[in-house]
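Structural description and commentary
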Amino acid sequence: MNLYTVNHKFHYELENLTRAFFPNEKISVEMLDEIPQELSPPYILTVSGEELFVSVSIGEFCKELTCVKGSDNELLMATLLYRLLEEYTGISLSWGLLTGVRPIKLFRKLKEQMGKEGAEDYFKNNLLVSEEKINLAEITCSNEQKILDLSKKDSFSLYISIPFCPTRCSYCSFVSQSVEKAKHLIPRYVELLCREITHTAKIAKECNLRLESVYMGGGTPTSLEADDLAKILKTVRDSFDMSTCREFTVEAGRPDTITEAKLIALKENGCDRLSVNPQTLIDEVLVNIGRRHTVEDFYKSFELARKVGFAHINTDLIAGLPGDTPETFKLTMDGICRLSPESVTIHTLSMKRSSKLTGDNVQIAKRDCDNVSAMLSCAYDSLENLGLAPYYLYRQSRMLGNMENTGWSKPDFEGIYNVFIMDETHTILACGAGAVTKLKDPYSDRIERIFNFKYPYEYNDRFEELIERKKTIGPFYKELF
């Protein structure tokens, strides 16, 4: 797909909107000062002249729309493009023109500026968002607010990265290493990670920061042995002032990595929120996505976590996985609801560029978008009937149907780190390979980032360089306070 932008700079949003309709298409963008004499089909031509002009040529479909310029020409041009792509594909996107990661943050900002009715009206008439998603945005925004109010100017959260997995799932694009290939790196990695945690805690203390939540993710943290898990969590407890910490989450994402010894190590060392993520309760779909565990393995792991004493278990599911259908997805939801977890996160499959699915050229049709919409409706109805409510929401590019990922919870069981990180509420101090520290100015929207090395071998080999980068944290807070 070729996107030509002529005499304007709206290429970023127009490219993202095009990708919402064609999540697995390669989109080439050319920014030009005048209309080229030859255009390479399939193409989208967008021109800002005396008026705004958009033309779409895909196969036998060749149409154009124009409109008079206004106060927001980017929005007007996006609307023209949306109408043409909607007609060509037969797909109406529930989130309309919105392609950003944080629609709830935008909704809250609009509520502050123009009130609830004004925000809803803007979403509906300017951004073409459906009534269903406007309602979801309003409920989620309200439930988020009580969590956001917990954060103070000196608040921060801690993220710990464990970039190892038993295998790589077909939909995954995270930087993670299989334990089989990277086992030799783990002892040194754990040693250095504990050093980084201790060093980070010293910085937090010097800056007089208040710890709100801890999140250990990956990868799959439970790929590590019980002794290593205990060592890392004990380092956190011994290094940080945990008296203000409201939540300590560990992702035990893959049931095939969970043992009683590991769960005990987590529980005894402060973890109070556990995430066990089957993604689906259909064995054939698990095979399709490259998972080595069975549905029965998940049930046993969940039961074991309860036996060890975890009172807050989260489960993650993905709508739109290869081989799944609305009917089989309902079976998954029925199975999850029988377990009555305290929180559930419903993800929509994203066709990430570096995932195996995209590499295998899996194609997305209108039927897939319709199916994932039906799956989300089933999930939301099931969770609402179970007494859960949405408390955070975010989106990714290349999602089926341009949908969303939504966290649901029982009252007082929200995953507060999820809200803090997605809203960019306060500073996140991050440790481990691939982790990104985000320093948040509490008086503005300014965020400064400190990147750790992506891969475990880089982390191990260049650890001192990484520590050097964190010297900027102190001056950042000295300037503020």
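Note that the coordinates shown come from a computational prediction; the quantities given were computed from them, not determined experimentally.

Take the pairing of strand β12 (residues 313-319) next. Burial within β12 is extensive, with seven of its seven residues counted as buried. Side chains Ile313, Thr315, Leu317 and Ala319 of β12 all project onto a buried face; the interleaved residues Asn314, Asp316 and Ile318 project onto the opposite face, where all are buried too. As paired elements, strand β11 (residues 273-275) and β12 share two bridges and run parallel to each other. Its bridge partner lying in β12, Leu274 is registered against Ile313.

On to the environment of Ile104, then. Counting through the fold element by element, Ile104 comes out in helix α3 (residues 103-126). Judged by relative accessible area, which is 2%, Ile104 ranks as buried. With 371 residues separating them along the chain, Ile104 and Pro475 place their C-alpha atoms 32 Å apart. The contacts of Ile104, once residues within four sequence positions are left out, are Ala137, Thr140, Cys141, Glu144 and Leu393.

Further remarks concern the packing of helix α10 (residues 295-308) against helix α11 (residues 326-339). Packing of α10 against α11 leaves a shortest axis separation of 12 Å and a crossing angle of 15°. With respect to each other, α10 and α11 are oriented roughly parallel. Here α10 and α11 pass one another in a crossing that is right-handed. Residue-level inspection shows Phe298, Tyr299, Phe302 and Arg306 of α10 in contact with α11, the latter providing Gly335, Ile336, Arg338 and Leu339.

Given 3.6 residues per helical turn, the α-helix brings residues three or four places apart onto the same face. Across its 21 residues, helix α6 (residues 186-206) extends 30 Å between first and last C-alpha, which sits within 8% of the 30 Å expected from 1.5 Å per residue. Of the residues making up α6, those classed as buried are Ile186, Tyr189, Val190, Leu192, Leu193, Cys194, Glu196, Ile197, Thr200, Ala201, Ile203 and Ala204. One or two steps after α6, the chain reaches Asn208, where phi turns positive at roughly 55°.

This part is about the sheet that holds strand β2 (residues 28-32). Pairing is mixed across the open sheet formed by five strands, whose spatial order is β2-β1-β3-β4-β5. Across the chains shown, the open sheet's two edge strands, defined by having one partner strand only, are β2 and β5 (61-67). Averaged over neighbouring strand pairs, the angle between their axes works out to 10° when direction is ignored. As judged from the five bridges shared by strand β1 (residues 2-6) and strand β3 (residues 43-48), these two strands associate in the parallel manner.

Here we take up the pattern of salt bridges. Taken as a whole and judged by the stated rule, the model has 28 salt bridges. Between Asp423 and Arg108 there is a salt bridge; the shortest N-O distance is 2.1 Å. Residue Asp423 is located in helix α14 (residues 416-423), and its partner Arg108 is located in helix α3; the two are separated by 315 residues in the primary sequence. Arg108 matches Asp423 in its accessibility class, with the two residues each being buried. Linked through salt bridges whose partners overlap, the residues forming this network are Arg102, Lys105, Glu424 and Arg449.

Moving on, we get to α14. Of all eight residues that make up α14, eight are buried, and the element is covered over most of its length. Buried residues of α14: Ile416, Tyr417, Asn418, Val419, Phe420, Ile421, Met422 and Asp423, and no others. After α14 finishes, the residue Glu424 shows a positive phi value of roughly 55°.

Take Val250: it is sitting in strand β10 (residues 247-251). For Val250, a relative accessible area of 0% gives the class buried. Put simply, Val250 and Ser275 are 25 residues apart on the chain and 6.4 Å apart in space, counted from C-alpha to C-alpha. The contact partners of Val250, leaving out residues within four places of it in the chain, are Met216, Pro221, Leu233, Leu266, Cys271, Arg273, Leu274 and Ser275.

For the rest of this paragraph, the subject is the pairing of β2. Relative to β2, β1 runs parallel, the two sharing five bridges. By the bridge assignment for β2, Asn2 is matched with Ser28. Taking the sense of rotation as the criterion, the β-α-β connection linking β1, helix α1 (residues 11-21) and β2 turns out right-handed.

Calculation notes
Residues numbered from 1 in each chain as written. Predicted model: local features only at pLDDT ≥ 70, side-chain atom pairs only at ≥ 80, totals over all residues. Heavy atoms only, no water. Buried < 20%, exposed > 50% of the residue type's maximum accessible area, 1.4 Å probe, protein only. Helix = DSSP H or I, 4+ residues; strand = E, 2+ residues; numbered from the N terminus. Pairing = 2+ DSSP bridges. Contact = heavy atoms within 4.5 Å. Axes fitted to C-alpha atoms, helices over the stretch in contact; angles between N-to-C directions. Parallel < 35°, antiparallel > 145°, perpendicular 65-115°, else oblique. Left-handed = near helix turned anticlockwise from the far one by under 90°. Expected span 1.5 Å × (residues − 1). Salt bridge = Lys/Arg side-chain N within 4 Å of Asp/Glu carboxyl O. Right-handed = clockwise from strand over helix to strand, strands pointing away.

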